[in-house]
There are 2 protein chains.
Amino acid sequence: MGLIVQKFGGTSVGSVEKILNVAGRVAEEKQNGNDVVVVVSAMGKTTDKLVEMARDISSSPSKREMDMLLTTGEQVTISLLAMALIEKGFDAVSYTGWQAGMMTEPVHGNARILDIKTDTIKRDLAEGKVVVVAGFQGITEESQITTLGRGGSDTTAVALAAALGADKCDIYTDVTGVFTTDPRYVKGARKLLGVSYDEMLELANLGAGVLHPRAVEFAKNYGVALEVRSSMERVSGTVIEEEVEMEQNLVVRGIAFEDQITRVSVIGLDNTLKSLPTIFSTLAENHINVDIIVQNGTGTDKANISFSIKSSDLAETLEVLERNKDLLNYQSIESETGLSKVSIVGSGMVSNPGVAAKMFEVLASQEIQVKMVSTSEIKVSTVLVDKQMVQAVEALHDAFDLSEAAVRS
Amino acid sequence: MGLIVQKFGGTSVGSVEKILNVAGRVAEEKQNGNDVVVVVSAMGKTTDKLVEMARDISSSPSKREMDMLLTTGEQVTISLLAMALIEKGFDAVSYTGWQAGMMTEPVHGNARILDIKTDTIKRDLAEGKVVVVAGFQGITEESQITTLGRGGSDTTAVALAAALGADKCDIYTDVTGVFTTDPRYVKGARKLLGVSYDEMLELANLGAGVLHPRAVEFAKNYGVALEVRSSMERVSGTVIEEEVEMEQNLVVRGIAFEDQITRVSVIGLDNTLKSLPTIFSTLAENHINVDIIVQNGTGTDKANISFSIKSSDLAETLEVLERNKDLLNYQSIESETGLSKVSIVGSGMVSNPGVAAKMFEVLASQEIQVKMVSTSEIKVSTVLVDKQMVQAVEALHDAFDLSEAAVRS
């Protein structure tokens, strides 16, 4: 008998029928003799519909009020799921983020969890109750409702698992696990039975989409055992744990990709120590997430800096740079949209030199021009034009033998 | 400069466009130099849609979880209205019931307000903010979310007006005021410029629908000046205050009516002192609202008791009576559905004998059989068959000269 935290995302709870299905999965776990805490997201397209209403009222709605609005989505799901469990004969109780003691920093739209006051949940579990918690949401010390940002329900689940000392955190989703690459684009994509936290972190950050990177980081820091699995099919998923046995030849474990990327270049910056921190702290203050950063021309007294952002952040990025032109002291700004990022990820790279070189060779053989490069110990990211993204992924998937070697027995 | 509490019901906030209209009405009041607290209901049919989802999951969903579910409705409206006000350049802030300090008794579905912790709202008003509060909802001392029952947003508004010492509480709705009877049924219905709390209480209790009876009672007890007015048309509404000047001949001020009434008769009860309290406390414990009560046959050792309920409560009423048959010690139960209640209301009745007699004469002349009667100092209620309801209302509206005498100059 253990304690399991289960998380079901928006597509898994997208209708009353699907909520009844989720109640069935929760019931199975409970009947196996486990204590269960369930974290759920808003139903299907609910969040999008709420955002649309807000946009009809204001082009830049108050972030506090957006949090107030969006948190209703999960509140609907928790109540319906608790009803379904009660209907099945279980003692179930639902809690919003604030009722579950999910304390966050005082930031709207993208708050981090500071602490979880677990007294209520622990008391309920001791009484044999199934506890259903609204994902994605929290509360500040001043009783302001906050949200954790998109994908925040994963973070809620992992944070609860850590705070409660759960034996396992199962992330139920609409795919059966983590794949070598996105099977919607690449036929040969295969499910991985295991990845390490670091690999998953790179895959999550790089847009694999099944698991929020902040949740993976939380799991790594607190040693929470994760499994990504299907809410519909009863098959084993992908286990994410500290050390994953290395398959023969599986230097690269997965290929992640993401479109809608824009490169922004700041031209003619003063080549001083202060230039870089000033630019990126200015962007950070304005909540613009910068991904890859490349600096050229350090030998002269003027430097050029390029970085990649989501294309949806371009307008705000340009506005922030323009507004701070005097402070930043640059000559001009260039930007290039219509780009994608393709990355290879694998812990095996550390001990296998030449992986990056092989990647560039494969891309060159496909006549794909690499616009930006960024590397870490376990990944190599390249930025290239949107139209060649799938071609690049397919070629790399073949070249690194991912179609063959994916299944760990 | 004063403090105004404005309340807008579901139809007044039924779409983004209507919310923008409401923001306009709030802005006008604020620009008149007043402090404004706005109470809103869920948008249009939101509550009905949520109830439908719950019913798809359970025929008798958990009341706690229903409160969790339904309170999302007003939370959506408060955030959208606050956004609209901020977009218009006002400093606005929205609060859920629990954030607004709306403390209730620990009852789900129909809780009464115990106290309002107004510190936060008072601080915001002092800072010049428009405060938007979710109607209908509250919180228990144990942080459980509760609701005040249907129409509870009126109560929220009046209770806030009382707690804040507001100068006025304006109830905005989709009609222009309180009418002598429902203008959808009776052509000659005219708007009243003023009614007393007691008259309004009878009219509200009897189904006039524009204002929740509990809200009127609250307003009477705390001397809150109310006005029922239109959210769309800029015309004066109906003022509800302690003493209303009596118009010549206006003995009856309004005619209320309500269909979907069922009479239940408990036959062959022991004619002891305990019978009556036992029956009605049993029904009350099961949250069945009994309206008119009539007792027959007190001369013998067996008594028959009849009472009226909403037809929707019939199944549960019969189940409660059946379950408690041994305790209540009766012989049989009879029920008659398809009934309506028609009532005449007016403070003038107190000093005008023969009003009830005139009512019965009018009904008899229309060949309408009266099934049950109940009277108070300012109203006479009759129960009759559904099919004759409108005919009865029209005849009484004419007979008591309401089409002529309604307008107070």
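Residues numbered from 1 in each chain as written. Chains lettered and ligands numbered in written order. Predicted model: local features only at pLDDT ≥ 70, side-chain atom pairs only at ≥ 80, totals over all residues. Heavy atoms only, no water.

Draft legend 1. The arrangement of the UniProt feature "binding site: ATP" (unreviewed entry) in chain A in detail. Residues and elements named next belong to chain A. Feature annotation in UniProt places "binding site: ATP" (unreviewed entry) on Lys7, Phe8, Gly9, Gly10, Thr173, Asp174 and Arg184, given in this structure's numbering. For the residues just named, distributed over 178 residues, the greatest C-alpha separation reaches 23.2 Å, placing them at more than one site. Mapped onto the fold, Lys7 is located in strand S1 (residues 3–8). In this view, Lys7 contacts Val39, Ser41, Ser153, Asp154, Ala157, Asp170, Ile171 and Tyr172; residues no more than four positions away in its chain are not counted. (UniProt positions renumbered as here; feature names shortened; annotations may be inferred. Helix = DSSP H or I, 4+ residues; strand = E, 2+ residues; numbered from the N terminus. Contact = heavy atoms within 4.5 Å.)

Draft legend 2. How the structure looks around the packing of helix H11 (residues 355–365) of chain B against helix H12 (residues 389–399) of chain B. Residues and elements named next belong to chain B. Where H11 contacts H12, the axes come no closer than 10 Å and their chain directions differ by 130 degrees. Between H11 and H12, the crossing angle belongs to the class labelled oblique. The interaxial crossing formed by H11 with H12 has right-handed handedness. Along the contact surface, H11 presents Lys358, Met359, Val362 and Leu363, while H12 presents Ala392, Ala395, Leu396 and Ala399. Classifying every residue of the contact of H11 with H12 by side-chain character gives 7 nonpolar, no polar and 1 charged. (Axes fitted to C-alpha atoms, helices over the stretch in contact; angles between N-to-C directions. Parallel < 35°, antiparallel > 145°, perpendicular 65-115°, else oblique. Left-handed = near helix turned anticlockwise from the far one by under 90°. Nonpolar A, V, L, I, M, F, W, Y, C, P; charged D, E, K, R; others polar.)

Draft legend 3. Broad picture of the domain arrangement of chain A. Domain parsing of chain A yields domain 1 (3–174) and domain 2 (254–405). If you average the C-alpha positions of domain 1 of chain A and of domain 2 of chain A, the two centres end up 34 Å apart. (Domains from an automatic or database assignment.)

Draft legend 4. Structural context of the sheet that holds strand S12 (residues 238–241) of chain A. Residues and elements named next belong to chain A. Judged by pairing direction, the sheet is mixed, and its 8 strands sit side by side in the order S3-S6-S2-S1-S9-S11-S12-S10 without closing on themselves. Pairing within the sheet leaves two strands with one partner each, and these edge strands are strand S3 (92–95) and strand S10 (194–196). In this sheet, adjacent strand axes meet at a mean angle of 20 degrees when their direction is disregarded. In this sheet, strand S6 (residues 130–134) lies alongside strand S2 (residues 35–40) in parallel orientation, the contact comprising 4 bridges. (Pairing = 2+ DSSP bridges.)

Draft legend 5. Representation of the packing of aromatic side chains within the structure. Under the counting rule described, the total for this entry stands at 9 aromatic pairs over all chains. When the ring centre of A:Phe400 is taken as reference, the NZ or CZ atom of A:Lys358 above it lies at 4.7 Å. (Phe/Tyr/Trp six-rings, centres within 6.5 Å; stacked < 30°, edge-to-face > 60°. Lys NZ or Arg CZ within 6 Å of the ring centre and 35° of its normal.)

Draft legend 6. Quick look at unusual backbone geometry. Here A:Asp401, not a glycine, exhibits a phi torsion of approximately 55 degrees, which is positive. Mapped onto the secondary structure, A:Asp401 falls in the loop between helix H12 (389–399) and helix H13 (402–405).

Draft legend 7. Main features of the interface of chain B and chain A. With 41 residues of chain B at the contact, the number on the chain A side is 41 residues. Of the roughly 3,100 Å² buried at the junction of chain B and chain A (both faces included), carbon and sulfur atoms supply 70%. Joining chain B to chain A, the criterion identifies 0 salt bridges. Counting every contact that joins chain B to chain A gives 12 residue pairs in polar contact (both at pLDDT 80 or more). Every element with two or more residues in the side of chain B that touches chain A is listed here: helix H1 (16–31), helix H2 (46–57), helix H3 (63–87) and strand S3 (92–95) of chain B. (Buried area = accessible area lost by both parts, 1.4 Å probe. Salt bridge = Lys/Arg side-chain N within 4 Å of Asp/Glu carboxyl O. Polar contact = N/O pair within 3.5 Å; in protein donor to acceptor, adjacent residues only side chain to side chain.)

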